[in-house]
Amino acid sequence: MITLEHNVLSIRFPEVHPDAQLSIEFQRTLRIPDDGTDYSLPPGLGPFPLQHVDDYMRSVPAQWLDHGGVILPMYQSEAMWINFDSNYIEDHQASYPFAVKIAAGKIDAVTGDNWTNSLNFGPQNYVVVPEQPWLDGFCVEQGVIRQFVAMPLGQGYSVEEQLKDDSPIGGLQIMVYPMKRKT
């Protein structure tokens, strides 16, 4: 079950475990220069406001309504990072583990490859939460990240348009898999 609560996506899996809950927040941040220099992680400047796509039925493109989801308004060239928070389970003294896949325009942010719905282990195409508390962009090579930045579609600036030949999809895609014990 996915809910939107105070600009946070809350994803629950009560059928797997009563404490299987992951919160995802999209943090506004400073844009760092893309000049080959190493920079420290920029600060979070607060969460982006999120709204249900369905709340804007009369003003959004029809394909947005087909996919559903939420709207994250960003200014062109604005940057963000994604914060993950897994529910802490007192009696286990640990947070509930999840595998999370993130893509922008159907380009996997972890591998830079085309999006697939499956979890791959070589190369790994997902992050493990809570070990990975955030994702601040695309991995372009070992130890090198390019920020998530809002770019106009159709002008060749997005990662998707630079890596794919077909028409751009845009947006973010997120899949969350709760981890389960082997039985």
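Numbering of residues starts from 1 in each chain and follows the order in which that chain's sequence is written. Note on the predicted model: pLDDT of at least 70 is required for a residue's local features to be given, and 80 or more for side-chain atom pairs to be given and counted; whole-chain, interface and lining totals, by contrast, use all residues. Side-chain measures here rest on the full set of heavy atoms in the structure, leaving out hydrogens and waters.

### Comments concerning the pattern of salt bridges
We define a salt bridge as a side-chain nitrogen of Lys or Arg found within 4 Å of a carboxyl oxygen belonging to Asp or Glu. For the structure on display, the rule yields 4 salt bridges. Asp-34 serves as the salt-bridge partner of Arg-146, at 3.1 Å between the closest nitrogen and oxygen. Highlighted residues: Arg-146 in strand 15 (residues 144-149) and Asp-34 in the loop between strand 3 (21-29) and strand 4 (44-47), separated in sequence by 112 residues. Linking Asp-108 and Lys-101 is a salt bridge whose minimum nitrogen-to-oxygen distance equals 3.5 Å. With a 1.4 Å probe rolled over the protein chains alone, any residue whose accessible area is under 20% of its type maximum counts as buried; one over 50% counts as exposed, and the rest are partly exposed. The class for Asp-108 is buried, based on a relative accessible area of 1%. Taking the relative accessible area as the measure of exposure, Lys-101 reaches 0% and is therefore buried. Helix and strand labels come from DSSP, where a helix needs a run of H or I of at least four residues and a strand needs a run of E of at least two; each type is numbered from the N terminus.

### A short note on the packing of aromatic side chains
Two rings belonging to Phe, Tyr or Trp (six-membered ring only in the last case) form a pair when the distance between their centres is within 6.5 Å. Interplanar angles under 30 degrees mark stacking, angles over 60 mark edge-to-face geometry, and anything in between is tilted. According to the stated counting rule, one finds 5 aromatic pairs in the structure shown. Ring centres of Phe-13 and Phe-98 lie 6.1 Å apart, and the angle between their planes is 40°; this geometry places the pair in the tilted category. Taken together, the positions of Phe-13 in the loop between strand 2 (8-12) and strand 3 and Phe-98 in strand 10 (residues 98-104) put the pair 85 residues apart, joining distant regions of the chain. In this structure Phe-98 comes out as buried when scored by relative accessible area, which is 0%. Taking 6.1 Å as the distance between ring centres and 85° as the angle between the ring planes, the aromatic pair formed by Phe-121 and Tyr-126 counts as edge-to-face. An aromatic cluster is defined as three or more aromatic residues linked by ring pairs; in this entry it consists of Phe-13, Tyr-96 and Phe-98. Seen from the ring of Trp-115, Lys-101 lies directly overhead, with NZ or CZ sitting 4.6 Å from the centre. Two limits define a charge over a ring: the Lys NZ or Arg CZ must be within 6 Å of the ring centre, and within 35 degrees of the ring normal.

### Observations concerning the environment of Val-144
Within the secondary structure layout, Val-144 lies in strand 15. What makes Val-144 partly exposed here is its relative accessible area of 21%. Along the chain, Val-144 and Gly-36 lie 108 residues apart, while their C-alpha atoms are 9.2 Å from each other. If sequence neighbours within four positions are ignored, Val-144 has contacts with Phe-138 and Cys-139. Contacts are assigned to residue pairs with any non-hydrogen atoms lying within 4.5 Å of each other.

In short, geometric facts, not functional conclusions.
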